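What the coordinates show
Each chain, written out:
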Amino acid sequence: MNLIPIRTPKLIKGIFPNYIWNMPQDQKTIYLTFDDGPTPEITHWTLNILKEFNAKATFFCIGNNIEKHPEIFHDILKDGHTLGNHTYSHPKGWTTSSEVYVDQVLKTEEIIDYQVSNSKFQTLHADRSQGSPRANLFRPPYGQITPQQGRRLLTLGYEIIMWDILAFDWKDSISEEQCAKNVISKARPGSIVVFHDSVKASRNMMFALPKVLHHFNESGFKFERL
């Protein structure tokens, strides 16, 4: 039994109104997001499937993984997806000091800025006000972020991206079919959906993602980046 719901309740969204839980619901658009990459075993597969369905997405990258696999990071850029910050080493916010937590975000921002500035695709990710690359989308690992951490990041200009739908692709107790059903049965216009381009989630995600893309594509939905 999942203690965390597949679809985030309105009550939770109302308690944290400064965080982004879903996008406007006036068009048949879904926003796929992928956490924890870039990962050699799974990110390229994910990019290829998205390309097959002409879908765009947002990748919340871990700084340490970007350092280890910059070529995959550049492939995400090349394919026109949006980049997000997912800290440097995936700490749990509730047990991490605000200073350390924010430093992890800023360190990852520097890594992203460096990689983007050395890519010919940097114009896709330029800060509109400053004309320079900046990773201003942030998702907290495990969804854990304290009020103080959130306030500091909002003050620094980050948009804190949460979710409307969790696929639960990382849970071994969830079957491949259930993972696909979690998204297909619950997603709606404007939903922000969380998948993971990680080895741990690969079994469920590699089964569910094509099913989700096919189902909503046939239903007239578009998949856009944040």
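Please refer to the structure higher up on the page.
Here the structure is a predicted model, which means the values were calculated and not measured.

1. A short note on unusual backbone geometry
Pro38 follows Gly37 through a cis peptide bond whose omega is -5 degrees. Topologically, Pro38 is positioned in the loop between β1 (29–35) and α2 (43–52). Non-glycine residue Asp36 carries a positive phi angle of around 90 degrees. Along the chain, the position of Asp36 falls in the loop between β1 and α2. Residue classification places Asp36 among the buried residues on the basis of a relative accessible area of 15%. Even without being glycine, His90 reaches a positive phi, approximately 65 degrees.

2. Observations concerning the pattern of salt bridges
By the definition in use, this model includes five salt bridges. Between Asp79 and Lys51 there is a salt bridge whose closest N-O contact spans 3.6 Å. With Asp79 in the loop between α4 (70–78) and β3 (82–85) and Lys51 in helix α2, this pair connects stretches of sequence that are 28 residues apart. Residues Lys78 and Asp75 are paired through a salt bridge, measuring 3.6 Å at the closest nitrogen-oxygen approach. Of this pair, Lys78 and Asp75 both sit in helix α4, three residues apart, which is roughly one turn of the helix. Under the relative-accessibility criterion, Lys78 is labelled partly exposed at 46%. Taken together, the salt bridges that share partners define one network made up of Lys13, Asp164 and Arg188.

Reading the values: rules and limits
- Residues numbered from 1 in each chain as written.
- Predicted model: local features only at pLDDT ≥ 70, side-chain atom pairs only at ≥ 80, totals over all residues.
- Heavy atoms only, no water.
- Helix = DSSP H or I, 4+ residues; strand = E, 2+ residues; numbered from the N terminus.
- Buried < 20%, exposed > 50% of the residue type's maximum accessible area, 1.4 Å probe, protein only.
- Salt bridge = Lys/Arg side-chain N within 4 Å of Asp/Glu carboxyl O.

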